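Tertiary structure, described
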Amino acid sequence: MCYVEEYLLRQRDYLLTISRAMTARLDLPSVLRLILEKAVEMLRGEAGLIALLGRDGAFRVRASYGFPARTPQLFAPLLTDIPLTHTHWQIPDLYARLQLVAASAGISLRQVVGLPLILEDRLIGVTYVFRTRDTAFSANDRQVLSSFADQAAIAVRNATLYQRLAAETRRLDAIIDNTADGVLIMDAQCRIQTINRALAEITGWTPEQARGQPCQRVIALRNQQGINICETACPLRALSTADKPQVEGDITRPDGHRTSVSITYSPLYDDEGTLVNVIGSVHDVTRFREAEEMKAMFISVISHELKTPVALIKGYASTLRREDAQWDQDTVLESLAIIEEESDHLARLINNLLEASRIQSGTLKLEMSDVSIPRLAAKAVDRFRVQTAKHELTLDFPPDFPPLLADEERLQEVFSNLISNAIKYSPQGGTIRVGGRVHGDHAELFVSDEGRGIPLANQSRLFEPFYRVDSSLGRRTQGVGLGLFLCKAVVEGHGGRIWVDSAPGKGSTFRFTLPLR
Ligand code: ADP
């Protein structure tokens, strides 16, 4: 084999090694170093370097070969004032630069060849090969180096594409992970590839636990009858291209926490129409469902609560009107008293409903004036005293209790609601204490009873509209669950807060604060 043939063969071998390395490795520094090594060998040089142009317009060494140390300053003369156009590319004063580098590196560099790295018509870097002997680089050497430079440019492009892809993937992962809606990505067999944080919270499965599981195990969507829809009516079984099926139901975590969700599935197909992934978007509709339930409950409770007094009023009124009967004075007075009581009850209920709608629409306005709370509480207590024989109502205020700036009428409602509850929920009777103390910058007021008390688990929800503690007594007593909601709105409107201390069978003490002026 003649020398030229052997030379060409070696060059081909090197380029082949490089392209294999490029497909096998994705880290740019090691690929660039391999290219440089082979180029130096091919050109029978002793050293070389590849520098890439950074976004800031400066060249930085990314691979070097044959130098004892690689300090950035060492190569500086070869990396400054490099022409950025690559037509007739030539570095001015190349030999003077070479001398500078040779002197500071402490090696006798005699010859140098420099070539630009061009990618898509843009200069992206520069490569140099050095010789320590005097033989100048030939046109053929330049030709050979240029094919290595092309390989280096391709390696840079691959690495850039890979980095861009990796960054894009990270960005997408972050978006999916941080969306408030739950997201699940499944393969064509409906096995979970990933779920995001929101869905992990809803299902109680971590993304690691969920990976590889069939989706019906993790989602296990149940309808209101408790039937597992994923098993009986999975919408993904017969998917057609245009479909974006939607299902609604409840997901229950292992700890029992339930979330009502609406799931929309989007199938993803490849160019040949084969199903590749199914993406599920899981929207939490618990609040919406609760609002619906509340509306339904509102209508049933209200209609029931309105019907009872209306029926009583109508019954007594039509009985009194009967022309064929003579009623004695006592019966007439008694009937009229019931009519009056039931009318008051109706008026209170209607008032509460109006107030509740004002609170919810944000139009509750307080009319502030100086109010003597002990006097106001005494008035309320007097009104209730005549209504109950079973309960003893007492007042407990220190004599120097200061007047407060408050909405008198609304505070009267708060006391009325709390005292009427204290009576309602202590059917065996007992003492009801109404009082207050001054603590620092606020007054703390209370209404306590010795009634049935409230389990701890129910206490946090008492102040929600339409909430009633479910018990047989609760169901027997009149009420729509608005009283405490109104109390809370009025107290908070004054800048105070309201809470309850209670235990079943131990009575309840409702407390609220009002700021002193
Ligand atoms: P309502 O009395 O109309 O049901 P409220 O909002 O006033 O509505 O009270 C909500 C629920 O809180 C009541 O249904 C009852 O279960 C409970 N509750 C309120 N006050 C007391 C109390 N003093 N003792 C025991 N339970 C109470």
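Now for a look at the structure at hand. Bear in mind the structure is a predicted one, so any value in this text is a computation, not a measurement.

On the basis of which strands lie adjacent, the open sheet formed by four strands has the order β2-β1-β4-β3 and antiparallel pairing. Unpaired on one side and paired on the other, β2 (59–65) and β3 (111–119) mark the two borders of the sheet. Averaged over all neighbouring strand pairs, the angle between strand axes comes to 20 degrees, with direction disregarded. In this structure, β3 lies alongside strand β4 (residues 122–131), joined through nine bridges in antiparallel fashion. The partner of V113 across the bridge, within β4, is V129. Contacting β3 and β4, helix α4 (residues 94–105) crosses the sheet at an angle of about 110 degrees to β3. Taken strand by strand, helix α5 (residues 139–178) contacts β1 (47–53), β3 and β4, and its axis lies near 40 degrees from that of β3.

Before going further, it helps to examine the packing of helix α12 (residues 373–385) against helix α13 (residues 408–424). For the pair α12 and α13, interaxial distance at closest approach is 10 Å and the crossing angle is 45 degrees. Taken together, the axes of α12 and α13 are oblique relative to one another. Note on packing geometry: the crossing formed by α12 with α13 is right-handed. Taking contact as the criterion, the partners of I373, R375, L376, A377, K379, A380, V381, R383 and F384 in α12 are, on α13, E408, L411, Q412, F415, S416, I419, S420 and I423. Tallied by class, the residues present in the contact of α12 with α13 amount to 10 nonpolar, three polar and four charged.

Attention now goes to the packing of aromatic side chains. The geometry of two aromatic rings is summed up by the distance between their centres and the angle between their planes. Enumeration according to the criterion identifies six aromatic pairs in this entry. Judged by centre distance (5.3 Å) and plane angle (80 degrees), the ring pair of F397 and F401 falls under edge-to-face. Each member of the pair, F397 as well as F401, carries the same accessibility label: buried. For the ring pair F415 and F512, a centre distance of 5.7 Å and an interplane angle of 65 degrees mean the geometry is edge-to-face. Of this pair, F415 sits in helix α13 while F512 sits in strand β16 (residues 508–515), placing them 97 residues apart in sequence. Classification of F512 by relative accessible area gives buried; the value is 0%. An aromatic cluster is present here, built from F67, F75, Y128 and F130 joined pairwise through their rings. Positioned over the ring face of F137 is R131, at 4.0 Å from the centre of the ring. A cation over an aromatic ring shows up here: R497 above the ring of W499, its NZ or CZ 4.1 Å from the ring centre.

The grouping of Y3, V4 and L8 at the surface amounts to a nonpolar patch, some 310 Å² of accessible area in total. With respect to the helices and strands, V4 occurs in helix α1 (residues 3–24). Classification of V4 as exposed rests on a relative accessible area of 51%.

Turning our attention to the site of the ligand. Near the ligand there are 20 residues, and of these N421, Y425, D449, R468 and L484 occur at the shortest range. The contact in question runs from a nitrogen atom of the ligand to an N or O atom on the side chain of D449, over 2.8 Å. R452 places a polar side-chain atom, nitrogen or oxygen, 3.3 Å from an oxygen atom of the ligand. Considered on its own, the ligand offers 530 Å² of accessible surface; in the complex 98% of this is hidden by protein. Those elements that provide at least two residues to the shell around the ligand are α13, α16 (483–493) and β16. It is α13 that provides the largest number of residues to the shell around the ligand, a total of three residues.

By definition, the strands of a sheet pair up through backbone hydrogen bonds, in either a parallel or an antiparallel sense. Strands sit in the order β6-β5-β9-β8-β7 across an open sheet of five strands; the sheet is antiparallel. Two strands in the sheet have a free side with no partner beyond their single neighbour: β6 (192–195) and β7 (246–252). Each neighbouring strand pair of the sheet contributes to a mean axis angle of 25 degrees, computed without reference to strand direction. In this sheet, strand β9 (residues 275–284) lies alongside strand β5 (residues 182–187) in antiparallel orientation, the contact comprising six bridges. Bridge assignment links G182 to a residue of β9, and that residue is V282. Across the sheet, helix α10 (residues 286–321) touches β7, β8 (258–269) and β9, and the angle it forms with β8 is around 130 degrees.

About the thresholds
Residue positions are given per chain, counting from 1 as you read along its sequence in written order. The predicted origin of the model limits local features to residues at a pLDDT of at least 70 and limits the giving and counting of side-chain atom pairs to 80 or more, whereas totals for whole chains, interfaces and linings rest on all residues. Side-chain descriptors were evaluated using all non-hydrogen atoms of the structure, hydrogens and water having been removed beforehand. When DSSP locates at least two bridges between a pair of strands, those strands are taken to pair. The secondary structure listing takes helices from DSSP runs of H or I that are at least 4 residues long and strands from runs of E that are at least 2 residues long, numbered from the N terminus. Only the contacting stretch of a helix is used when fitting its axis, a line to C-alpha atoms as for every element, and angles between N-to-C directions run 0 to 180 degrees. By definition in these notes, contact holds between two residues if any of their heavy atoms fall within 4.5 Å. Angles below 35 degrees are treated as roughly parallel, those above 145 as roughly antiparallel, those between 65 and 115 as roughly perpendicular, and all remaining angles as oblique. In this scheme the handedness of a crossing depends on how the near helix is turned from the far one: anticlockwise by less than a right angle means left-handed, clockwise means right-handed. Classification used: nonpolar for Ala, Val, Leu, Ile, Met, Phe, Trp, Tyr, Cys and Pro, charged for Asp, Glu, Lys and Arg, polar for all others including Gly. Only Phe, Tyr and Trp rings are paired, with Trp represented by its six-membered ring, and only when their centres lie within 6.5 Å; those with planes under 30 degrees apart are stacked, over 60 edge-to-face, the remainder tilted. Buried residues are those whose accessible area, probed at 1.4 Å on protein chains only, stays under 20% of the maximum for their type, while exposed residues exceed 50% and partly exposed ones sit between those limits. Either the NZ atom of lysine or the CZ atom of arginine qualifies as a charge over a ring when it sits within 6 Å of the ring centre and within 35 degrees of the ring normal. Without a salt bridge and with relative accessible area above 30%, a residue can belong to a patch; like charges are then joined within 9 Å and nonpolar side chains (Val, Leu, Ile, Met, Phe, Trp, Tyr) within 5 Å. The protein chains shown are the only cover counted for residues, whose accessible areas, like all others here, come from Shrake-Rupley with a 1.4 Å probe. By convention in these notes, a salt bridge is any Lys or Arg side-chain nitrogen within 4 Å of a carboxyl oxygen on Asp or Glu. Residues are labelled near a given molecule or strand when at least one of their non-hydrogen atoms is within 4 Å of it. Two N or O atoms count as a polar contact when they lie within 3.5 Å, although within protein this holds only if one can serve as hydrogen donor and the other as acceptor, and sequence-adjacent residues are included solely when both atoms are side-chain atoms.

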